[in-house]
Amino acid sequence: MLLGIDVGGTHTDAVVLDRGRVVAEAKVPTDHDNLLLSVRAALAAVLRGVDPGAVRRVNLSTTLSTNAIVEGKTEEVGVLVAAGPGIDPENHRTGGHFHVLGGAVDHRGTEVAPLDGEALAAAVATMRAAGVRVFAAVGKFSTRNPAHERAMARALDQGGGADHVTLGHSLSGVLNFPRRMATAYFNSAVWRQYNDFAWAAQESLADFGLNAEINVLKADGGTMPLELSRALPVHSILSGPAASVMGMIALCDIRDDCVILDVGGTTTDIAVFADGSPVIEEHGMTVGSYPTLVPALKVRSIGVGGDSALRLGPAGVTVGPDRRGPALATCGCGAGRPGAPALIDALNVAGACAFGDVDASRRGLAELGAARGLSAGELARQAVDAAVGAIVLAARDLVDEINSKPVYTIRELLGGRQVRPVRHYVMGGPAGPLAPLLARASGLDVRLPDHHAVANAIGAALTRTTLEAELFADTQKGRMLIPALGVDRPVARGYSLAEAEADARGALAEHIRSLGADLEGAEPEITESGAFNMVEGARTVGRTIRVKCQVRPGIVRRAG
């Protein structure tokens, strides 16, 4: 059996699957002040009648890292940067403890200027005096030679002064210094909160008798072992939308261009498929205004969901982007839980559904509309039209954005191919009543799969582990590195591209096995490779070789 948990903005969903068949499902309210309580409540509900000993894997999708960044609740991070000539790191400053040090390594990994030890010591002392405990250490070409980053880490670790240090070269083998700085910063910014949650979640699973492999969903539509996620929590940002996409892959046989709409209680997450494969961010996700190296599916979230607040203003009826507690239909009137008119109330009054306390929805909309002379029915109609219009417009805007540049999917680069969606797949709690309205507004076929209300948890449960690594070799120097895996060893002058590809595959597979992850038959694939001669004078003195290897995102089996 496989267990999937998705901690959403409004609800936490859980499912148990046996050979792809849903045998138990649960949906409980998300407690934003204590996400662990939400996980425990979902476990208690979904494991009724299920033998915990039969569950061999638990996959968890959490909003924790995303929420911490969006709500400005991240920890102060001390950033140490060694740049050398070229890019001015001050143009990419992150946080209030940002220190640029003298020292440089070139693109081949040769130290051209030693690290400024005095400046390093002064920066460390300043940050310690300010009470900073988590750090990021980044060198421009650290993926070619991480010596400067390691020296920074040693200085930070002296005397137990650092709780965590993110080393830039450990994040990715891709050469992009500004993105590496931002990625390292956010990784450390969410490190403590994420790890507190991860340890508590692991203990909770044990409390319920679950002795299973534990993975966490990543933004790229794969999972990573919980142990690895402790060091790389930045990859858990936007794991929720990734669960939505993988849920649709698990539930539907998608072969065409289409749009995925996950309508939750707080937001609607939108993703696009081209030729049946999810579109991805070419270089990595952007967090706020900072581009990062975190691989991610191309998604957009808008503040329209079942609990999105209704308001009357100069522009008429608006829906969201916030929520002011649960909808009136679900607030439990008389139980002391405050509610506010929301989209699901409008759907009730408009006759699109009969969810919860319909009379409470009707009374609330009548009261809200009275100040403007609107009946409950007219207010509901305008609210539903506004919500549906916002979702359809956002989906079209995302497709237009994708079509403005080359289209990259999980499987391949589609070049000049234009994405032309032929249908929408809709999931989430409010998906049922919204599906026919979205079909009318978009003019496209709309599909509502079985188990659509917990599709994201199904996606989480069935998503396989996916990791990537990049190999760099310089045969003149006789050196080969795989920075993200900590591999650094000598190679012969005749080291070939074929040998590099084999080494990359083997090292990644061994790394995944060492983490205890089950690849379900998937093998590392070479996604990019190339070799270039280095010429000095009139003769070839060696070659530089670069290989990128990945276990691609996917699901272990279709849901039945």
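1. Considerations on the overall build of the protein
Okay, step 1: Looking only at helices and strands, one finds 14 helices and 27 strands in the protein.
Okay, step 2: A compact globule built from 560 residues should have a C-alpha radius of gyration of about 24 Å, and the protein, at 25 Å, falls within 12% of that.
Okay, step 3: Taken along the three principal axes of its C-alpha coordinates, the protein extends 80 × 50 × 50 Å.
Okay, step 4: Sequence separation of 24 or more characterises 66% of the internal contacts of the protein that already satisfy a separation of 6 or more.
Okay, step 5: As presented, the protein carries roughly 22000 Å² of accessible surface, and 50% of it is formed by carbon and sulfur atoms.
Okay, step 6: Each charge class in the protein was averaged separately, 54 positive and 61 negative side chains, and the resulting centres sit 3 Å apart.

2. Focus on the pairing of strand E23 (residues 468–474)
Okay, step 1: A large share of E23 lies buried, amounting to six of its seven residues.
Okay, step 2: With seven bridges connecting them, E23 and strand E27 (residues 539–550) associate as antiparallel partners. Bridge pairing in E27 places Ala473 opposite Ile545.
Okay, step 3: Strand direction decides the pairing type here: E23 and strand E24 (residues 479–482), joined by three bridges, are antiparallel. Within E24, the position partnered with Ala473 by the bridge is Met480.
Okay, step 4: With antiparallel pairing between neighbouring strands as the criterion, E23 and E24 make up a hairpin whose turn holds four residues, including Gly478 at a positive phi of roughly 70 degrees.

3. A word on the packing of helix H10 (residues 358–370) against helix H11 (residues 376–403)
Okay, step 1: Running from amino to carboxyl end, H10 crosses H11 at an angle of 90 degrees, the nearest separation of the two axes being 8 Å. As judged from the angle between their axes, H10 and H11 are roughly perpendicular. On H11, the residues that touch Arg362, Leu365, Ala366, Leu368 and Gly369 of H10 are Ala376, Leu379 and Ala380.
Okay, step 2: Of the residues assigned to the contact of H10 with H11, the class counts are six nonpolar, one polar and one charged.

4. Brief notes about the sheet that holds strand E10 (residues 164–167)
Okay, step 1: Sheet architecture is open: four strands sit in the order E6-E5-E9-E10, paired in parallel fashion. Looking along the sheet, the strands with just one partner apiece sit at the ends: strand E6 (97–101) and E10. Adjacent strand axes in the sheet meet at a mean angle of 15 degrees, parallel and antiparallel pairs treated alike.
Okay, step 2: Strands strand E5 (77–82), E6 and strand E9 (134–139) of the sheet are contacted by helix H3 (residues 117–129), whose axis makes an angle of about 175 degrees with E6.

5. Description of the packing of H3 against helix H4 (residues 147–157)
Okay, step 1: Their axes nearest at 10 Å, the elements H3 and H4 cross at an angle of 45 degrees. It follows that H3 is oblique to H4 by the angle criterion. In the packing of H3 onto H4, the handedness of the crossing is right-handed. Where H3 approaches H4, its residues Leu120, Val124, Met127 and Arg128 are matched on the opposing element by Ala151, Met152, Ala155, Leu156 and Asp157.

6. A closer look at the nonpolar core
Okay, step 1: Residues Leu471, Tyr495 and Leu508 are the most contacted members of the largest nonpolar core, which totals 49 residues.
Okay, step 2: Those elements that place two or more of their residues in this core are helix H2 (64–70), E5, E9, helix H5 (177–189), E23, E24, helix H14 (497–514) and E27.
Okay, step 3: If one sorts the elements of this core by residue count, H5 sits on top with six residues.
Okay, step 4: Each residue touching Tyr495, except ones within four places of it in the same chain, is listed here: Leu471, Ala473, Thr475, Met480, Arg489, Ala500, Asp503, Arg543 and Ile545.
Okay, step 5: Among the nonpolar cores identified, the runner-up in size contains 45 residues, and Ala274, Leu343, Ala394 and Val399 belong to it.

7. Let's talk about the environment of His92
Okay, step 1: Counting through the fold element by element, His92 comes out in the loop between E5 and E6.
Okay, step 2: Distance from His92 to Thr143, taken between C-alpha atoms, is 19 Å for residues 51 residues apart in sequence.
Okay, step 3: In this structure His92 touches Ile87, Phe98, Pro178 and Met181, once residues within four positions along its chain are discounted.

8. Considerations on the state of the cysteines
Okay, step 1: This model, assessed by the stated rule, comprises zero disulfides.
Okay, step 2: Free cysteine Cys252: the closest other cysteine sulfur is in Cys258, separated by 8.4 Å.
Okay, step 3: Residue classification places Cys252 among the buried positions, given a relative accessible area of 10%.

What counts as what
- Residues numbered from 1 in each chain as written.
- Predicted model: local features only at pLDDT ≥ 70, side-chain atom pairs only at ≥ 80, totals over all residues.
- Heavy atoms only, no water.
- Helix = DSSP H or I, 4+ residues; strand = E, 2+ residues; numbered from the N terminus.
- Rg over C-alpha atoms; globule rule 2.2 N^0.38 Å.
- Contact = heavy atoms within 4.5 Å.
- Areas by Shrake-Rupley, 256 points an atom, 1.4 Å probe, with all protein chains shown as cover.
- Lys, Arg positive; Asp, Glu negative; His and termini not counted.
- Charge placed at Lys NZ, Arg CZ, Asp CG, Glu CD.
- Buried < 20%, exposed > 50% of the residue type's maximum accessible area, 1.4 Å probe, protein only.
- Pairing = 2+ DSSP bridges.
- Axes fitted to C-alpha atoms, helices over the stretch in contact; angles between N-to-C directions.
- Parallel < 35°, antiparallel > 145°, perpendicular 65-115°, else oblique.
- Nonpolar A, V, L, I, M, F, W, Y, C, P; charged D, E, K, R; others polar.
- Left-handed = near helix turned anticlockwise from the far one by under 90°.
- Core = buried A, V, L, I, M, F, W, Y, C linked by side-chain atoms within 4.5 Å.
- Disulfide = S-S within 2.5 Å.

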